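What the coordinates show
This is what each chain is made of:
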Number of protein chains: 2
Amino acid sequence: MARVDLGPMNGISSATVTSVTAELLGQGLISELPPETIRSGGRGRPKTLIQLNPDAAFVICVKVSINEIQIVVGDFTGQIRHSMHHPLTTLTLTLDELCAVLEEKIEAIRADVCHTFQHLAGICLAVQGVVSPNSGLIIWSPALGFRNAPISERLATAFGCPVLLENDANCIARALTSHPEYAAYPNLIVIMLGYGIGMSVLIDGKPFLGTNGSAAEFGHTKYEPGGALCACGRRGCIEAYASDYALYREARAMLTLPPGDSAHPSDAQMQALNQLAIAGDPVASQIYSKAGRALGYGIANVLALFNPDLVLITGSGVRGFEAMRPSMEEAIDEALVEELIGPSRLIASPWDRDMTFLGGIAMTLHATDLQTLASCSSCGSGDS
Amino acid sequence: MARVDLGPMNGISSATVTSVTAELLGQGLISELPPETIRSGGRGRPKTLIQLNPDAAFVICVKVSINEIQIVVGDFTGQIRHSMHHPLTTLTLTLDELCAVLEEKIEAIRADVCHTFQHLAGICLAVQGVVSPNSGLIIWSPALGFRNAPISERLATAFGCPVLLENDANCIARALTSHPEYAAYPNLIVIMLGYGIGMSVLIDGKPFLGTNGSAAEFGHTKYEPGGALCACGRRGCIEAYASDYALYREARAMLTLPPGDSAHPSDAQMQALNQLAIAGDPVASQIYSKAGRALGYGIANVLALFNPDLVLITGSGVRGFEAMRPSMEEAIDEALVEELIGPSRLIASPWDRDMTFLGGIAMTLHATDLQTLASCSSCGSGDS
């Protein structure tokens, strides 16, 4: 973007633009594009375009899910630059063991990319389950055996940078809802289908967290009392019908699926199952139809309680959603009178890549104090 | 309160207090108490206390519920000064007929009290069901046969004053939560047991309405798919188990209750039934126990989705709540793991009088522009 366009857009004078951009250039937070790339039409002198300097800072975003830790590096423009994947048995880890693993993996990736980037802006820890962003506690995660664990402060101390703890669904909602097409929907619900079932609620465009961060636990609202057994240990939760593990549990005795871990379906297994259901295999169709019915009853409760503008359904499980949709829509109509369905629209959003990281990086950069970035020592480590 | 105490409390200088109170006295919005009532300890000269002038303005608050219209007059201090009660068959009224009845009754009461008060500050219309405060529409009410009816503007035109349309549950929540004891609970849910089941959700202390005002429709969230028939026409709603009409429907074939309307239980009938259940009558106890279980499952969903600080249970039906409580608590524990129940407290708040009016009057006064009040013509009618 050219300096002359920044003034009107931000409501500041051209003199202010000149002085602010000079300061940001000096700090290395922005850079100028070579002038020959932007000459247009050949008239007048070319405008010099400026851009965020991708290498000004980086974010390390860590996703903890069942039996897997993924770590990515995001640059100052929010793009993913590196990605790593560590399978390990998460459920038996103690908090100390998890912290040790995370510290080792984060330090390794930090050392790797340290010379590319000027500063470490922060670390984002995206965790499946109930977390408290304010107090930095993992309250309860299906991936972990311990509870109420203070984790943000330990990592912040170890790496001398801010640590943002977030529910994975809130990260995905952030990535999705930053698209201009969703700006018109301030009351927005994002439902994530996958190994578990997550939800993020935006009220007036802001994530609604509840009192201690455990709001929007849609997966554990009920379809029917005494119903199917859920990973949480209770019965009848929506997740116990419509999550990957629930679909796989019903299917694996009756259908031929690719080999894999008996407790946790692999992506290949879920893809095979989704395709059977969408192709109309009678057994798979029946399983997905039941899942859709449970999902529909769950969504009906959400519509009655939140009266949102829009419900977005996404997550890796959305690849099988078309096989759930007819029974889900039928269930919503069966559950609610028209006036309570109201103006809420329901849209499935395709899942071409895991948006947890894009959202986590954006949230971390958004929370970053530029002043701190500009003044902190190279490569972000407190002692480097 | 004395002028000298108003400055520090509001962070303004004593000169400002003097000039503002002089202006308000001139407008008749406040008045001075006789000095002899406030001499304390005999030292110094007595402070002159000032108070809101109760007769400076009045609010007419109308509650529309099944087969009943109640109208009260509230004064400028928020107190109820007059109250009237009109039984009529509401379900067969057209919008025009309802407006005609309301205009006649409101005009009669306005003419009656016109000489006591200086101004009509506004009219509050509290309606059971789904309303849109912003667009002034009654979207859907169990008391009325029509839907999506624009009503606020008609009354505003007829009486030349602001008209506030509100859900009755939100009025009650406003009255309850203005008590200082609830100020510490910014995320607060109020559940109203009565002929229907209402709910009001406060997020950060503000009523949460959703996109078109139909959020918090707890009564029509589900206990079980295909369950008991609800007044809304669907099955399995919490209201179809725990509302007055649901309890009465189960009880009337098997218990001896005072005579009354066969479709709508009277207050005397509900009181008799509540007392039977609380006294341990086996049939009544079983009915209330089932109701408590449905209520508990419903509240479990609310805890999982809203993660509130506090759930207050009130309404006329709270008089039978002790007979529902044990099964309700059991159901919540059965439905949710401890981490999702979280820090939420659950308290029953006694129902000694209908708080709809106190809340409606407070909301209307709060929305009143003092400047308009001071400058408008006497008695609030546009043409008087």
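Residues numbered from 1 in each chain as written. Chains lettered and ligands numbered in written order. Predicted model: local features only at pLDDT ≥ 70, side-chain atom pairs only at ≥ 80, totals over all residues. Heavy atoms only, no water.

As recorded by an unreviewed UniProt entry, chain A carries the name N-acetylglucosamine repressor and is attributed to Halomonas chromatireducens.

1. Observations concerning the overall build of chain A
Heads up, the condition is: Segments assigned H or I by DSSP are reported as helices when at least four residues long, segments assigned E as strands when at least two residues long, and all are numbered from the N terminus. Relative accessibility thresholds used throughout: buried, under 20% of the residue-type maximum; exposed, over 50%; partly exposed, between the two (1.4 Å probe, protein chains only). Any two residues whose heavy atoms approach within 4.5 Å are treated as being in contact. Only the protein chains shown count as cover for residues, with accessible areas throughout obtained via the Shrake-Rupley method and a probe of 1.4 Å. Positive charges are assigned to Lys and Arg, negative charges to Asp and Glu, while His and the chain termini are left out of the count. By convention, charge coordinates are those of NZ in Lys, CZ in Arg, CG in Asp, or CD in Glu.
Broken down by element type, chain A carries 13 helices and 15 strands. Principal axes of the C-alpha set define a box for chain A whose edges measure 65 × 50 × 40 Å. Residue burial in chain A is summarised as follows: out of 384 residues, 54% are buried. Excluding contacts between residues fewer than 6 apart, the proportion of contacts in chain A whose partners are at least 24 apart in sequence is 62%. If you sum the accessible surface of chain A, you get close to 16000 Å²; carbon and sulfur atoms cover 52% of it. Mean positive and mean negative side-chain charge positions of chain A (24 and 38 charges, respectively) differ by 2 Å.

2. Observations concerning the sheet that holds strand β8 (residues 137–140) of chain A
Residues and elements named next belong to chain A. This is how the line gets drawn: When DSSP finds at least two bridges between two strands, those strands are taken to pair.
Read from one edge to the other, the open sheet built from three strands follows the order β7-β8-β9, with strand pairing classed as antiparallel. Edge positions in the sheet fall to β7 (130–132) and β9 (149–150), since each of these pairs with one other strand and no more. Bridge count between β7 and β8: three bridges; the pairing is antiparallel. Looking across to β8, one finds that S132 is bridged to L137.

3. A few points about the interface of chain A and chain B
Heads up, the rule is: Note on definitions: buried area is the accessible-area loss of two parts on being combined, 1.4 Å probe, summed for both. Take a side-chain nitrogen of Lys or Arg and a carboxyl oxygen of Asp or Glu: if they are within 4 Å of each other, that pair is a salt bridge. Identification of polar contacts relies on pairs of N or O atoms within 3.5 Å, with a donor-acceptor requirement for protein atoms, meaning one able to donate a hydrogen and the other able to accept it, and with residues adjacent in sequence counted only if both atoms are side-chain atoms. Each residue is assigned to one class: nonpolar for Ala, Val, Leu, Ile, Met, Phe, Trp, Tyr, Cys and Pro, charged for Asp, Glu, Lys and Arg, and polar for all the others, Gly among them.
Tallying the contact residues gives 45 residues for chain A and 45 residues for chain B. Each partner contributes to the roughly 3800 Å² buried at the junction of chain A and chain B, and carbon and sulfur atoms together form 60% of this total. The shortest N-O distance in the salt bridge between E339 of chain A and R147 of chain B comes to 2.8 Å. For the pair chain A and chain B, the number of links is 30 residue pairs in polar contact (both at pLDDT 80 or more). At the level of secondary structure, the elements contributing two or more residues to the side of chain A that touches chain B comprise β8, β12 (197–203), α9 (282–306), α10 (325–335) and α11 (338–341) of chain A. A total of seven residues in the side of chain A that touches chain B trace back to one element, the largest contributor, which is α9 of chain A. By residue class, the composition of the side of chain A that touches chain B is 24 nonpolar, 11 polar and 10 charged.

4. Some remarks on unusual backbone geometry
Residue and element names in this part refer to chain B. Here N67, not a glycine, exhibits a phi torsion of approximately 60°, which is positive. By secondary structure assignment, the location of N67 is in the loop between β3 (57–65) and β4 (68–75). We note that N307 has phi near 45°; this positive angle belongs to a residue other than glycine. The exposure class assigned to N307 is buried, which follows from its relative accessible area of 0%.

5. With respect to the nonpolar core
Nonpolar side chains in soluble globular proteins tend to end up buried together. The following threshold applies: To qualify as a nonpolar core, a set must consist of buried Ala, Val, Leu, Ile, Met, Phe, Trp, Tyr and Cys residues joined through side-chain atoms within 4.5 Å.
Counting 151 residues, the largest nonpolar core has F306 of chain A together with F306 of chain B as the members making the most contacts within it. Ignoring any residue separated from it by four or fewer positions in sequence, one finds F306 of chain B in contact with F208, G210, A215, L305 and F306 of chain A together with I189, M199, V201 and F208 of chain B.

6. Some details on helix α3 (residues 95–113) of chain A
Residue and element names in this part refer to chain A. Cut-off, in case you're wondering: Here the expected span of a helix is defined as 1.5 Å times the quantity of residues minus one. The directions from the helix axis to the C-beta atoms are what the arc is built from.
Over its 19 residues, α3 extends 27 Å from the first C-alpha to the last, a length consistent with the 27 Å expected when each residue adds 1.5 Å. The complete set of buried residues in α3 reads L95, L98, C99, V101, L102, I106, I109, R110 and V113. Within α3, the buried residues cover an arc of 165° as seen down the axis, which keeps them to one side. In α3, the exposed positions angled more than 90 degrees off the buried face are occupied by E104 and D112. Looking at the packing, one finds that the buried side of α3 touches β3 (57–65), β4 (68–75), β5 (80–87), β6 (119–127), β9 and α4 (152–159).

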